[in-house]
Amino acid sequence: MNPNDVKADRRYLASLARESGGAAWPRPSLALLDAAAAAGFALALTLVLTQRAPPLALLGLTLALVVRALAGWGRARLAARRALKVKSAVRARVLRAALRRRRGDEAALGETTAAAVDEVEALGGYFSLYEPAQVESRLTPIAIAAAVACASPIAAGLLLLTLAPFAFVMAVAGGAAGAAAGRQLEALARLSGQFVDRVRALPVILAFQAEARETEDVAEAAREVSRRTLSVLRVAFISSAALEFFSALAVALVAVYAGFGLLGLLPFKTPETLDFPRTFFALALAPEFYAPLRRLAGAYHEKQLGEAAVSRLRPLLERQAEPAPALSTLDGPPLVSLDGAALTFGDVEIGPVDALFPAGGLSAIVGPTGSGKTSLLAAILGLTPLTSGTVRVNGLNLEDAGGFADVAAWAGQSAVFLPGTLTDNLMAAAPGVTADQALDMARRVGLGPALDRRAQGGDTPLDERGSGLSGGERRRLALARALLKPVPLLLLDEPTADLDAAAEAEIIALILDAAGTRTIIVATHAEVLAAAAQTVVRLA
Amino acid sequence: MSPKALVSSSPVRAFLAVEVRRRRPELIAAALAGAVTAASATLLLGLSGWFLAGAALAGAGGPAAIAAFNYLLPSAGFRALALGRTAGRYGERLLGHQAALKALAELRPALFSGLAAGPPERSLALSSGEASARLVQDVAAVETAFVRRSAPWGAMAAAGSGAAVIALASPAAAVAFLIGLAAQILIGRGLAKRLTDEAGRDGLRAAGRLKDGLNAYALASAELRCFDLVEPAVRALMVHDAELGRAGLRRDDGQAVLGLLQAAVTAVTVVMVAALAAHGPMALAALAVLATLAGLDGAAGLVAAAQQDGAYREAVERLDEAAAATPAADPRPIDRNTPITLDGHRLAAGERIALVGPSGCGKTRTFEALLGLRTAPAGRLRLGETPLESLPIGAARPLLAHAPQDARLLTGTVAENLRLGRPDADDDAFWAVLEDAQLAARVRRLPEGLDSWIGDGGEQLSGGERRRLSLARALLRDAPWLLLDEPTEGLDAHTEAALVAALDARLTRTGQGALIISHRPAPLRLCGTTIDVDGRP
C-alpha cells in the first residue's frame, strides 16, 4: 500500500470523528483525571509506607483507585458512544451512496453491502478502543512526567529522555518493515480465504470426488499462510520487545538515579534534594509512564482493521454527488431518441444504438440475455453512464438535464418496497396520491383478488422484497406504482416475466392502454409483448 | 495428520492435544520466556522499591553504612531484569506464534477432511454463507486460544514471583494478593460471557437484516430514483443500523462493567497488601507494594484468557460437532456399468430421463441423495441390486457428473474450476466443453482466457455464466450419467436452443445418459423417458 494513501486514510478517519463523533473534550479530561488519580495513588502509597499505614493514607489509596476505576469505566462508555455515532453517520452516508450509485456489476453490489455493514462495523473497534488509547498515549506520559517532576525534576527528565530512542525504534520497526508486512498481509488474506471458499463449495467437491485433492490444496495454502505470517511477525514483534525494554528502562533509570542519589554516590551534584518519600513517589509512578503506550500497542489490531476499512470506504464516500436533474416537467408524452448511444456494463459493451422511441407509443428493446437491455433502459434515465453518443428526451440532451429520473416512472425486474403497508407503498409513488386512488389502481392492474384474499387488504404489511406476495403480484404492484406517478415517460423492465400466458395478455393490454398519454419503453424477452410494440430495437 | 485422528469424544481437543505434544519444546520455551518476562517485570519494580528504601536507610546511616551497602548486586539485577524482560517478551511472542502457526497449519486441512467425510447433510448446510462464516470464526477463536497458550504461564510467573516477594514482607499480604488474583480470574470467567454474549448474537442478527435490506434496495436503484425513495429507503435501513448499534453498545457497556469490577478487585487487593505489609521493615514493604502492582499488571494476560475461555470452549464444541468424521468410506471401486434404479425404474445406459413433478416434490433432493449429499430415502434408490442407503455415503458418485441448480464455483480461475471435472484435462478439452456450454466466446473475451480470475465464488461472472461454467465442468467429468438441474434457467431462447442442441450432439456422441430437471420445455425435449418424482421427505 502506498504510504501516502495510509496517511490520507488516517486523516480521513480523523475527519470522520470530527464531523460525527460529538464532543472531543471528555476524553482528554478523563485521561488527565486518570493521570491525576495515578499521582494521588503514588502519593498515598508513599504515605502508607513512610507513616506505617495511617487510616487517612489508606483511605486516600482507596479513593485514588476508585477514581481510576471509574475513569476507566467512563472512558469505555464514552468511547463506545462515540464509536456508535461515527458508525451510524458513516453508515448513513455509505447507504446513501450505495443507493444513489450508478448501476454497476454484481460484484460491486457485494462490495457495497460488505462496506455498509462489515467495514463500517470495523470502524467501531477503531473508535472505541484504539482512539481512546491513542489520546491517552499522547497526554498521559506527559502528565505523569509532570507529576514526577513535582517530586524530582531530574527523574522526570530521565523518563522523558527515554521517549526519543523509543520513538526512533518504533519508527524503524513500524516504517519500512511495517509497509513490507502490510503488503504480505494482503496476500495472506487471499490465502486464508481459500479455506472458507472450499468449505462453501464442499457439495461440489464431494460430487466430483475431489476431496483428497482439495484437502491437499487447503493444507498447502495453510502452510504457506503460516510460513509467511511468521516472517511478518519476526519484524512485528521487535516493537513489542522495544516497548518492554523501554518500560523496564524507565523503572530502572529512576531506581538507579534515586538510589545512588540517596547514597550520595552519584558522579555529579544534583540540583535537587532527594529523600525517600520523593524518590519512592517517582518510582511508583514510573511504570505508569509507558503503560498507556502498552495499552496502545494492545489496540494495534483495531487500528489495522479500522484503517483497512476506511481505505475501502473512502472511494465510496468521496465519490461526487451526482448533479440534481434540472428538468422538472414534460408537457405530454415525449419523443425519446438515442444517437449512437454506447455504454459498458461489467465487461459487456452495449451499442452504439440509434433509435427513435415515438411520443405516446409503446417501444420494445429486445435481445439475448446479457445483451444489456436493462442497462440501456437505465441509461435513458442517466443511471448508467454513456461512454459515447447521446440520449435526448424532447430534444433535451441527457447530459444537460443531468438525468430524467424525475420525469419518468420505472418498474424493474426485482421490485422493492418500503417497510409499511401495501397502500403506503403505492401512495409513495408521487406526492398527493390518495389511498383511494392507490387501491383503485391496484385493482386496475389485477391485484383485486390478491387484496380480497388477504384479511388486511390494502393494509397488508410489506417488507423490502414484498415477501408474502407472489412474483406476479409483486410485478403488478410495481406496475401500479409506476402508473400512479403522473409522468408521461414509463420504463418497464421485463414486465411480463414469470407470468402465464393469460396474465401476460392482461398486462400487455394494460400497458397498451397506458400508452397514448405516455411514452412507454419496455425491455423484454417476450415475443408477444415485442409484437405489440410500435418500435422494436434489437440488441446483439 | 490423518482424518482418523479426529475420531474421539472431542476430536478438536484431541487434535490440539496431539499438536501440543508435537510442539512441546517450542511451547515450553515460549512459556518459559513468558514467565521470565512477567517475573522480570515484577521483580524489577520490587527490587527498585527495596533498593530505594535500603539506599535511603543507608544514606541516613552515614558513610560507614553507605560503604557497607551493596549496590553492585541490585545494579546487576536491574540490568539482568531489564534484559530478561525484553528478550523474554520477544521470545515468548515469536516462539508462541511459531508453535501456534505450525500447529494450526494442520488444523484447517484436518477440519476440512473431517467435514468432507462427515454426514452428508452437513456439507450442504455449510454452503450457506452464515454457517461457513461461523465456522471460520470458530477456527479463528481456536487459533487465538492456541497463540495465547503462553499467556497463562507468564501470568502465573507474575503471580508466583509477586507472591514470593510479597511474602518476604508479610505472608498474609501474599495470600491477599493471590486471593485478589483468583477473584479477577473468576470474574473474567463467570461474567464475560453473560455480559456480552446475547448482545453479540443480537448484533449478528441485526447485521443480517441490514444486509438483506440493502441488497434488495441496491438492486432497484432505478425505482428508488424515479419515485424519490432514496431517503425513505436510507431511513428504513437505518432502523436496522439502530438495532445493530444498540446491540454493540450493550456489548461494549458489558465490557466496561467487567473492567470496573476488575478495577474494584485490584483496588481492594492493593489496599489490603499495603495495609498488611506496611508494618514490616520499610524496604520489604516497598518491595511488596510495588511487586503487587507489577504482579497484577503481569497477570492481566491470565484474566484476559479467562474472559475468552467461554468463547473458546463453545468454538471447540461447535467444531467438534462440525468435523466429527465418520470412518472413511470404503474406497472399493465401483463398476461403471452398475445400473441405477430410481423409484422402480431401472435406468438403461445412455437413457435420457426427465424428472418431473410439482415444485417442492423433491426433484433436487433426489439428485442430492444419489450423490450422497443427503441421506438416501429408504427404498427409492438402488445401485445394482443394493439399496443406496445401505452402501457407504457417496457410493454412486463415480457414476455421476452433477451440474447443480446453485452453480457453486471455486474462487480461482476458469481452468481451476474446470479441472475439478477432470484433473488431467488439457486446454483443448476445456475449450470443447466451453463451446458446448455456450461459454467459449465469453471466456475468450476474458483478459487471460482460461487463466482469468473469476473472483469470490465466481462473482465476476453473471448468474447465467456461472451456471454454464458449472455445466461445462460437469460435461468434462468422465461419468456414465449427467445430472442436470435447471441447466438453461436464466438463458434467452437463442442461447438455450444452442445449448440444448450441443448437449444433444454430445450425449449422442459419448453415449452418456442424462437425468434432467427443468421447468422449461427445451431441455425436456432431449428426454425420451419421464419419471414422476414423489419423494416427499
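From a predicted model like this one, the values you see are computed outputs, not experimental measurements. (Residues numbered from 1 in each chain as written. Chains lettered and ligands numbered in written order. Predicted model: local features only at pLDDT ≥ 70, side-chain atom pairs only at ≥ 80, totals over all residues. Heavy atoms only, no water.)

This part is about the overall build of chain B. Per the secondary structure count, chain B includes 19 helices and nine strands. Each of the three principal axes of chain B carries a C-alpha extent, and together these read 115 × 65 × 45 Å. Here the contacts in chain B between residues at least 6 apart in sequence split such that 79% fall between residues at least 24 apart. Total accessible area computed for chain B in this model is approximately 21,800 Å², and 58% of it derives from carbon and sulfur atoms. (Helix = DSSP H or I, 4+ residues; strand = E, 2+ residues; numbered from the N terminus. Contact = heavy atoms within 4.5 Å. Areas by Shrake-Rupley, 256 points an atom, 1.4 Å probe, with all protein chains shown as cover.)

Bringing a nonpolar patch on the surface into the picture now. A cluster of nonpolar residues, Val268, Met272 and Leu276 of chain B, forms a patch on the protein surface that exposes about 250 Å² of accessible area. The residue valine 268 of chain B is located in helix H10 (residues 230-277) in this model. (Patch = residues over 30% accessible without salt bridge, like charges linked within 9 Å, V, L, I, M, F, W, Y side chains within 5 Å. Salt bridge = Lys/Arg side-chain N within 4 Å of Asp/Glu carboxyl O.)

Attention shifts here to the side chain of arginine 91 of chain A. Among the structural elements, arginine 91 of chain A can be located in helix H3 (residues 55-100). Engagement of the side chain of arginine 91 of chain A in a polar contact is seen with the side chain of glutamate 121 of chain A, the distance being 2.9 Å. (Polar contact = N/O pair within 3.5 Å; in protein donor to acceptor, adjacent residues only side chain to side chain.)

Annotation of chain A at the domain level lists domain 1 (1-151 + 292-321), domain 2 (153-273) and domain 3 (336-538). Taken over C-alpha atoms, the centre of domain 2 of chain A sits 57 Å from the centre of domain 3 of chain A. (Domains from an automatic or database assignment.)

All right, on to the packing of helix H14 (residues 435-444) of chain A against helix H16 (residues 471-484) of chain A then. Angle between the axes and distance between the axes: these two values describe a pair of packed helices. All names here are of chain A. Where H14 contacts H16, the axes come no closer than 9 Å and their chain directions differ by 130 degrees. Of the possible angle classes, the one that applies to H14 and H16 is oblique. Crossing of H14 over H16 shows right-handed handedness. Between H14, through Gln437, Ala438, Met441 and Ala442, and H16, the contact on the second element is made entirely by Ala480, Leu483 and Leu484. (Axes fitted to C-alpha atoms, helices over the stretch in contact; angles between N-to-C directions. Parallel < 35°, antiparallel > 145°, perpendicular 65-115°, else oblique. Left-handed = near helix turned anticlockwise from the far one by under 90°.)

Across the contact, 133 residues belong to chain B and 122 residues belong to chain A. When the two sides are added together, the surface that chain B and chain A hide from each other amounts to roughly 11,500 Å², 70% of it contributed by carbon and sulfur. Its largest share of buried area at the contact with chain A, chain B owes to Phe112, Arg225 and Phe227 of chain B, together 7% of the area lost on that side. Here chain B is connected to chain A by ten salt bridges. With its nearest N and O atoms 2.6 Å apart, the salt bridge here joins glutamate 244 of chain A to arginine 85 of chain B. For the interface between chain B and chain A, the tally reads 16 residue pairs in polar contact (both at pLDDT 80 or more). Partitioned by chemical class, the residues of the side of chain B that touches chain A number 80 nonpolar, 28 polar and 25 charged. (Buried area = accessible area lost by both parts, 1.4 Å probe. Nonpolar A, V, L, I, M, F, W, Y, C, P; charged D, E, K, R; others polar.)

Residue and element names in this part refer to chain A. Among the structural elements, proline 132 can be located in helix H4 (residues 106-151). For proline 132, a relative accessible area of 9% corresponds to the buried category. Sequence-wise, proline 132 and arginine 27 are 105 residues apart; in three dimensions their C-alpha atoms are separated by 7.0 Å. Those residues in contact with proline 132 that sit more than four places away from it in its chain are Arg75, Ala79, Tyr126 and Phe127. (Buried < 20%, exposed > 50% of the residue type's maximum accessible area, 1.4 Å probe, protein only.)

Right, let's talk about the sheet that holds strand S9 (residues 489-493) of chain A for a bit. Each strand in a sheet pairs with another by means of backbone hydrogen bonds, the pair being arranged parallel or else antiparallel. All names here are of chain A. Across the sheet, five strands lie side by side as S6-S9-S10-S3-S11; this open sheet has parallel pairing. Each of the sheet's edge strands pairs with one partner strand only, and the pair in question is strand S6 (408-411) and strand S11 (535-538). Neighbour-to-neighbour, the strand axes of this sheet turn through a mean angle of 15 degrees, independent of strand direction. As paired elements, strand S3 (residues 362-366) and strand S10 (residues 519-523) share four bridges and run parallel to each other. Bridge pairing in S10 places isoleucine 365 opposite alanine 523. Sheet strands in contact with H16 are S6 and S9, and its direction is about 175 degrees off that of S6. (Pairing = 2+ DSSP bridges.)

Across the five residues of S3 of chain A, five count as buried, placing the element largely inside the fold. Of the two faces of S3 of chain A, the one holding Leu362, Ala364 and Val366 of chain A and the one holding Ser363 and Ile365 of chain A are both buried throughout.

Residues and elements named next belong to chain B. Strands sit in the order S2-S1-S4-S5 across an open sheet of four strands; the sheet is antiparallel. Looking at which strands have only one partner, the edges of the open sheet turn out to be strand S2 (345-346) and strand S5 (386-387). Relative to S2, strand S1 (residues 340-342) runs antiparallel, the two sharing two bridges. In the sheet register, threonine 341 faces S2, and the bridge partner there is arginine 346.

So, about the domain arrangement of chain B. Residues and elements named next belong to chain B. You can read the domains of chain B as domain 1 (3-323) and domain 2 (340-532). The gap between the C-alpha centroids of domain 1 and domain 2 is 50 Å. Across the contact, five residues belong to domain 1 and seven residues belong to domain 2. Taken together, the two surfaces of domain 1 and domain 2 that pack against each other cover about 490 Å², and 55% of this comes from carbon and sulfur. There are zero salt bridges connecting domain 1 and domain 2. Partitioned by chemical class, the residues of the side of domain 1 that touches domain 2 number two nonpolar, two polar and one charged.

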